[in-house]
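Chain and residue survey
Each chain, letter by letter, is given below.
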2 protein chains.
Amino acid sequence: MAGRAVVPGHVTGFFSVHRADDPATTGSTGAGIAIADGVTVTVEQADTRTVELNGTAATVDPVETVLDAFGTPVRVEIETALPVGAGFGVSGAATLGTAMATATVLDEPRSEQTLIELAHTAEVKAHTGLGDVVAQARGGVPIRLAPGAAGALDGIPATGRIEYLALGDLSTAQVLTDDTTRLSAAGTAALDRLRETPTLDTLFDAAREFAIEADLLTPAVREAITAVEAAGGTAMMSMLGETVIARGTGLSDAGYEPTVTGIDHAGARLTGESGDF
Amino acid sequence: MAGRAVVPGHVTGFFSVHRADDPATTGSTGAGIAIADGVTVTVEQADTRTVELNGTAATVDPVETVLDAFGTPVRVEIETALPVGAGFGVSGAATLGTAMATATVLDEPRSEQTLIELAHTAEVKAHTGLGDVVAQARGGVPIRLAPGAAGALDGIPATGRIEYLALGDLSTAQVLTDDTTRLSAAGTAALDRLRETPTLDTLFDAAREFAIEADLLTPAVREAITAVEAAGGTAMMSMLGETVIARGTGLSDAGYEPTVTGIDHAGARLTGESGDF
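Attention in this report is confined to the structure presented alongside it.

Analysis parameters
Residues numbered from 1 in each chain as written. Chains lettered and ligands numbered in written order. Predicted model: local features only at pLDDT ≥ 70, side-chain atom pairs only at ≥ 80, totals over all residues. Heavy atoms only, no water. Pairing = 2+ DSSP bridges. Helix = DSSP H or I, 4+ residues; strand = E, 2+ residues; numbered from the N terminus. Axes fitted to C-alpha atoms, helices over the stretch in contact; angles between N-to-C directions. Contact = heavy atoms within 4.5 Å. 1 Å grid on protein atoms, 1.4 Å probe; cavity = no way out; pocket = protein on both sides within 12 Å on 5 of 7 lines; lining within 4 Å. Points joined across faces, edges and corners; volume = space filled by probe spheres on them. Nonpolar A, V, L, I, M, F, W, Y, C, P; charged D, E, K, R; others polar. Buried area = accessible area lost by both parts, 1.4 Å probe. Salt bridge = Lys/Arg side-chain N within 4 Å of Asp/Glu carboxyl O. Polar contact = N/O pair within 3.5 Å; in protein donor to acceptor, adjacent residues only side chain to side chain. Buried < 20%, exposed > 50% of the residue type's maximum accessible area, 1.4 Å probe, protein only.

Concerning the sheet that holds strand β8 (residues 161-168) of chain B
All names here are of chain B. Taken together, four strands build an open sheet; the order of strands is β9-β10-β8-β11 and the sheet is antiparallel. The outermost strands of the open sheet, each flanked by one partner alone, are β9 (235-237) and β11 (259-262). The sheet shows a mean angle of 30° between the axes of neighbouring strands, direction not considered. Each of β9 and β10 (242-247) touches helix α7 (residues 200-213); the most contacted strand, β9, lies at about 45° to it.

Right, here's the structure in full:
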């Protein structure tokens, strides 16, 4: 018997860093989009622990932390078409998916909130993420109003096509260990703006402003966003990766060849061998 | 242009009633299952307000309350294959879907939490529901830990086939205006049990016990649940309707001809004319 979980990717538009003594209450506020392209994690009982990412043995620190919490050895297969280290929350998705699928296969029932806290804490300790896990658990277009595994959430009602183009990677750990004062001030201003007018348009506008204020916009991303806008579209940079996200056919209209996905409304969920039923 | 929202049905396993002066904080705690069979609400601008349920003019009190909050007249089409008044949360789904689709078509952006509060409050005022709206917004197998539009939620990680059989209807308004002391005590005991072992099996067990303790189990439902158990399956009664819910092929295995659905992981969402993308 195998346990299997599907977890959406998550692109962050803007964020503020909130540190506390407890990793469960450490995290970020901000907003982003859960996308249909995500991560599938399949877990089976095994004699020794193994973790594979797209068929190759891999060490994903927060996944190891989650497996430590269960103790019993399992074989973990993480599969994703998303680029790693490019701002899609692959580590958060792999970590939450591992927690959900492992609890299932070992018949050690835990509530969703308990699994979210386990995965979020592992991400914070590994410096791989501060808010992806809670957003990926929820799905949709999550607004993280308060930091941490149990922080208050809201969302923007939205649907539609999303395009993305990964141009390179940025180190999440590097940005998150730098001084984040200016970044967090810009993130708080963006959050206030989004709460006042909760639309996808505001999210994209606020995210572009945040990327400039926080000094994270790279020349390649700036060029692509400008090209999308020149073609009449709307685009933003994903935090933290050198990745451009556009609404509708924004990147296609500007002459790029992006990957096409949509908003994932479901968030992280278990799935059967042959789908949901 | 039309706005369209899809909202899952919700079958409640057990609940406790919590009344407050403010309808937004009045509600129920408990647990249930969001099911893939649900309600689609399509809203268009119009010269006069009209509401249709499956093609026939209808008055749904909490839907009217939501439309009053917007003011501008719209044409609302509510479509569902679910039976009305049989414990599937059709009124909650219609109300939340109307709020989401109307905000979209009128371009009056509101956050998901604001729309949930609007719909929940309308349901409480109309005595048509106390907890369906928040569960339907979330999707999955929601545990309502605290009452009201902003009450804390958790969930049971689960997937799989669900079968249902509607045998008749019960009046939600009648049960909710009766003395609910005994019912609420039984609901609190069931919730404690589910939090200790958060699995679908516990939900079904606790729901069966609740139905007996709260004196809501009807002879027809009792007979069907007993037949499912005799065939090796698991079933419960949906609150509040004369409806039997089974996991997997429980009702089929017992010789019934149930409707087949699954767990809806997404919860309420906007949808485009041609699906999500």
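Describing the layout of surface pockets
Empty pockets left among the atoms are what a rolling probe the size of a water molecule brings to light. Size it by volume and the largest pocket reaches roughly 1000 Å³. For the lining of the largest pocket, the residue count by class is 32 nonpolar, ten polar and seven charged.

Description of the interface of chain B and chain A
Facing 30 residues of chain B, the contacting portion of chain A comprises 30 residues. Roughly 2400 Å² is buried in total at the junction of chain B and chain A, and carbon and sulfur atoms are behind 63% of that figure. Our count for the contact surface shared by chain B and chain A stands at two salt bridges. A salt bridge links Arg138(B) to Glu112(A), with the shortest nitrogen-to-oxygen separation between them at 2.7 Å. At the boundary of chain B and chain A, one finds ten residue pairs in polar contact (both at pLDDT 80 or more). Counting only elements with at least two residues in the side of chain B that touches chain A, the list comes to α3 (112-126), β7 (153-155), β11 and β12 (269-270) of chain B.

Structural notes on the pattern of salt bridges
All names here are of chain A. The tally for this structure, following the rule as stated, stands at 24 salt bridges over all chains. The partner of Arg193 in a salt bridge is Asp205, and the shortest N-O contact between them spans 3.7 Å. Taken together, the residues span a long stretch of sequence, with Arg193 in helix α6 (residues 181-196) and Asp205 in helix α7 (residues 200-213) at a distance of twelve residues. In this structure Asp205 comes out as partly exposed when scored by relative accessible area, which is 30%. Across the pair Glu229 and Arg208 runs a salt bridge, and its minimum N-O distance is 3.0 Å.

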